[in-house]
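# Structure at a glance
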Amino acid sequence: MIQRPRGTRDILPPESRLWHAVEATAHRVFQAFGAEEIRTPTFEHTELFVRSVGETTDIVHKEMYTFADRKGRSLTLRPEGTAGVARAFLENALQDRPLPLRLYYMGPMFRYERMQKGRFREFRQIGLEILGAASPLADAECLLVLFEFFQALGFQDLVVHLNNLGDPPDRAALGHCLREFFTPHAAQLCSDCQRRLEENPLRVLDCKVPSCQELAHRAPTVEAVAGEASKAHVAEVEELLRRLDIPYQRNPRLVRGLDYYVRTVFEVVAPQWGPSTVICGGGRYDRLLADLGGPDLPGVGFAVGEDRLVEILPESFRNAVFGEARLQLVPLGGASAAALELARKLVRQGVPVDVEVGGRSLKAALKRADKLRRRWVAILGEEELAQRVVSLRDLTEGAQRLVPWEQLAQALAGGQNREPARHQGTGSQH
RNA sequence: GUGAGCGUAGCUCAGCGGGUAGAGCGCUGGACUGUGGCUCCAGUGGUCGAGGGUUCGAAUCCCUUCGCUCACCCCA
């Protein structure tokens, strides 16, 4: 038996409805704020990710799905979304459109990693980029759109963790400072951090090992070396967040893994999953477009991990999705063809219908409707057919009455399903 | 890349001091010929992850391998 490749998943019904609903919500909210969807390739030239994400990052270092095509070109399955959007922006000269441009995307990303809870080799991200706006207003708008999205999904308790990473010269200076600070205490650091001290001292700041954390808390932060410009920029973002009542928390040890970030960086963690489970990460990347050979235009954006988001979706949203009323239409005897006609009529009126085409007995059909937690069953037998009615049964109460076909849509209007059926997880477990 | 745990029916698992593969749930049907949920009955379902070894005989003991999961690193 052939199994799915490691790190991929089958998203089965009814779970797939949640994914659809999350994506529909994203389209609606993002578009309401003036963003438009961009679809870019799932794979790009390897060089794009090496140059944008950064050569020293783990993503490029050891997590890319890189392969040579038949002509020997090096291609890579995209590990994140921003690089492709930036490339498409430049390639299609979108800087000649009215700026800023708000672009959003959703789709699969790929990273070659060992499997773990909430971590996949193929996972989905929903992201937004605002290109061509240097103002802190753009950073704040990003977070505003993000939180309106969360709000529409029913989240109540999410908090943004926010930091200033400074401008590029500041980052270099901070690296120096941190090396000077940590080197005398190197013996106290974990072995990973001793390595980080050489390669990327910023990463020591968010190590989870207690002894490292203790040191990190006393280490100099970006504030010590950041220029006035970046400080003022992030302070203004904070001011706007307060004004908008978006809950945030300044975290001076927050460091993001991608090299292109400057100034504002942020992430949102799932409260019930502990501090390491990031469901959204983002920040400002003012140098990225220029580094890719384009005009010197700023950008800011975020990406939400859809897999993790679906995992922690509030009950309210799940219930709304699974509670959608559907009519189960059961034909008896020779009424099957008429049932299909009736189903077409109802669907055109906006009523979702399942026709029982299994040819089973009424008893079996009712049993099935009950298993599916359907509320309404319409029985169409010879007698009903002759009178152009159905027997409409309400499975919640067991009540049943005859309803003419023309009034069926109206009789069902506003009806909710019964409590959602319990279902299996995501198909990712075996 | 490092460390740990686990692989028996579609799902959750029992069986492991070697002796003919089990239960619950699910699915299908029946008891109840056009009326669900509860109950009862029947049916359906498995190269015991794979390969090798020990043995008269292995799901069970030994070795190898593959797969899955969790943690670390890092991230969505």
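Here the structure is a predicted model, which means the values were calculated and not measured. (Residues numbered from 1 in each chain as written. Chains lettered and ligands numbered in written order. Predicted model: local features only at pLDDT ≥ 70, side-chain atom pairs only at ≥ 80, totals over all residues. Heavy atoms only, no water.)

### A word on the overall build of chain A
Put simply, the rule is: We count a stretch as a helix when DSSP gives it H or I for four or more residues in a row; a strand needs E for two or more, and each element gets its number in order from the N terminus. Burial classes: relative accessible area under 20% of the type maximum marks a residue as buried, over 50% as exposed, and values in between as partly exposed (1.4 Å probe, protein chains only). Every residue pair with non-hydrogen atoms within 4.5 Å of one another is taken to be in contact. Working definition of accessibility: Shrake-Rupley area with a 1.4 Å probe, residue cover restricted to the visible protein chains. Here the positive residues are Lys and Arg and the negative ones are Asp and Glu; neither His nor the chain ends is included. Every charge is mapped onto a representative atom, which is NZ of Lys, CZ of Arg, CG of Asp or CD of Glu.
A tally of regular secondary structure across chain A gives 17 helices and 16 strands. C-alpha atoms of chain A, sized along the principal axes, occupy 90 × 55 × 50 Å. The buried share of chain A, reckoned over its 430 residues, is 50%. In chain A, once contacts between residues fewer than 6 apart in sequence are set aside, the share between residues at least 24 apart is 69%. A total of about 21,300 Å² of accessible surface is found on chain A, and carbon and sulfur atoms cover 50% of it. Positive and negative charge centroids in chain A, built from 56 and 56 side chains respectively, lie 6 Å apart.

### Some details on the pairing of strand S5 (residues 101–110)
Along a regular strand, successive side chains alternate from one face of the sheet to the other. The condition that has to hold: Whether two strands pair depends on DSSP finding at least two bridges between them.
Counting buried positions along S5 gives eight out of ten residues, so the element sits mostly inside the fold. Direction of pairing for S5 relative to strand S6 (residues 122–131): antiparallel, over a ladder of ten bridges. For Tyr105, the partnering residue across the bridge sits in S6 and is Gly127.

### Some words on unusual backbone geometry
Geometrically, the link from Pro13 to Pro14 is a cis peptide bond, its omega value of 5° lying close to zero. Inspection of the secondary structure assignment puts Pro14 in the segment before helix H1 (15–32). In the Ramachandran plot, Asp245 falls in the positive-phi region, its phi being about 60° despite a non-glycine side chain. For Arg373, which is not glycine, the phi torsion reads 60° and is therefore positive. Looking at the secondary structure, you find Arg373 in the loop between helix H15 (362–371) and strand S14 (376–380). On the accessibility criterion, Arg373 (21% relative accessible area) is partly exposed.

### Here we look at the pairing of strand S9 (residues 262–269)
Here S9 lies mainly inside the structure; eight of its eight residues are buried. One ladder, built from five bridges, connects strand S7 (residues 160–164) with S9; its direction is antiparallel. Opposite Asn163, over in S9, you have Val265 as the bridge partner. Alignment of S9 against strand S10 (residues 278–284), held across six bridges, turns out to be antiparallel. Residue pairing in the sheet places Phe266 in a bridge with Gly282 of S10.

### Some remarks on the side chain of Asn164
Counted only if it meets this: Between N or O atoms, a polar contact is any pair within 3.5 Å; within protein, one atom must be a potential hydrogen donor and the other a potential acceptor, and residues adjacent in sequence are included only when both atoms are from side chains.
When you line up the elements, Asn164 lands in strand S7. Classification of Asn164 as buried rests on a relative accessible area of 0%. At 2.7 Å, the side chain of Asn164 forms a polar contact with the backbone nitrogen of Gly166. Leaving out residues up to four positions away in the same chain, Asn164 has contacts with Val222, Glu223, Ala226, Ser230, Lys231, Val234, Arg250 and Arg263.

### Quick look at the sheet that holds S6
Under the convention used in this document: All axes here are fitted lines through C-alpha atoms, helices being fitted over the stretch that makes contact, and every angle between N-to-C directions spans 0 to 180 degrees.
An order of S1-S5-S6-S11-S10-S9-S7-S8 is seen for the eight strands of this open sheet, with the pairing classed as mixed. The open sheet has two edge strands, strand S1 (36–37) and strand S8 (248–250), and neither has a second partner. As judged from the three bridges shared by S7 and S8, these two strands associate in the parallel manner. Residue Val160 lies in a different strand from S8, and its bridge partner there is Tyr248. Contacts from helix H10 (residues 228–243) reach S7, S8, S9 and S10 within the one sheet, and its direction differs from that of S9 by about 40°.

### Digging into the sheet that holds strand S4 (residues 74–77)
Sheet architecture is open: three strands sit in the order S2-S4-S3, paired in antiparallel fashion. Two strands in the sheet have a free side with no partner beyond their single neighbour: strand S2 (43–45) and strand S3 (65–68). Ignoring which end each strand starts from, the neighbouring axes of this sheet average 35° apart. Each of S2, S3 and S4 is contacted by helix H2 (residues 46–53), which is oriented at about 80° to S2, the strand it contacts most.

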